[in-house]
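# Examination of the molecular architecture
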Amino acid sequence: MPIQKNQIATFQYRVNNGEGKLIDQSEEGQPLSFLSGSEAILPKLEAELLQMEPGEKRELTLQPEDAYGPHKAELVQKMSRSQFPEDAHVEPGAQFSARDQHGRQFPFVISELNGDEVTIDYNHPMAGETLTFSVELLNVREASEEEIAHGHAHNAHHHHHDHECSNCGKH
Ligand code: ZN
């Protein structure tokens, strides 16, 4: 039966980019769980998983607009090395986060380093990529009252030790 609202679905995945290179995967023995309808994962991926039966494997290719969006040139900017803290590891691939006056965080990655000129990229690391997901749906269960209230899946192991949600800090 397809997954209904307020279900917790658990799945394993691998993601390849358009060149067939493996760029992300769930850790061995650590599948991902999500609360249906909570927008925890890409909507098209969720829609596919919601039609699957536990134990079923599928492959799904998403164009950038259905995944993390196109790579936007205006999100690539230049900075100078002196704008970074002196002890920061400023090197290609390094990830930083800028904060605006509202405390919102904007992660970026250093894409190029040329003398004092640092090229930074605010695009999502998978922006512009056509992604092929290989997914296996492992399990589907009813969400607990607490999970519905928190709006996300809970890992059972993390809830015996402390009364605070390790995912969100809620009680
Ligand atoms: Zn929680």
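Before any of the text, the structure's been laid out above.
The text that follows walks through the structure, step by step, so that each part is easy to find. (Residues numbered from 1 in each chain as written. Predicted model: local features only at pLDDT ≥ 70, side-chain atom pairs only at ≥ 80, totals over all residues. Heavy atoms only, no water.)

## What to know about the environment of His71
Put simply, the rule reads: Runs of H or I in DSSP of at least four residues are treated as helices and runs of E of at least two as strands, each being numbered from the N terminus. Residue exposure (1.4 Å probe, protein chains only): buried if accessible area is under 20% of the type maximum, exposed if over 50%, otherwise partly exposed. Here a residue-residue contact requires only that any non-hydrogen atoms of the pair lie within 4.5 Å. Polar contacts, as used here, are pairs of N or O atoms within 3.5 Å; protein pairs need one atom able to donate a hydrogen and one able to accept it. Residues neighboring in sequence count only if both atoms are side-chain atoms.
Tracing the backbone through its elements, the reader meets His71 in the loop between strand E4 (57–62) and strand E5 (76–80). Classification of His71 by relative accessible area gives partly exposed; the value is 43%. Between the alpha carbons of His71 and Glu129 there is a distance of 8.2 Å; along the sequence they are 58 residues apart. Once you skip the residues sitting within four places of it in the chain, His71 turns out to touch Val76, Asp121, Asn123, Ala127 and Gly128. In this structure the side chain of His71 is engaged in a polar contact, spanning 2.8 Å, whose partner is the side chain of Asp121. Side chain to side chain, His71 and Asn123 meet in a polar contact 3.2 Å long.

## Considering the sheet that holds E5
The condition is simple: Whether two strands pair comes down to DSSP finding at least two bridges between them. Where helices are involved, their axes are fitted lines through C-alpha atoms of the stretch in contact, as for all axes, and angles between N-to-C directions lie from 0 to 180°.
Ordered in space as E5-E8-E7-E6, the 4 strands form an open sheet in which the pairing is antiparallel. Edge strands, defined here as strands with exactly one partner in the open sheet, are E5 and strand E6 (95–99). Geometrically, the sheet is characterised by an average inter-axis angle of 40° between neighbouring strands, direction not taken into account. When strand E7 (residues 105–114) meets strand E8 (residues 117–121), the two strands line up antiparallel, connected through 5 bridges. The partner of Ile110 across the bridge, within E8, is Ile120.

## Side note on the side chain of Ser80
Within the secondary structure, Ser80 sits in strand E5. Reaching out from Ser80, the side chain makes a polar contact with the side chain of Ser82 at a distance of 2.9 Å.

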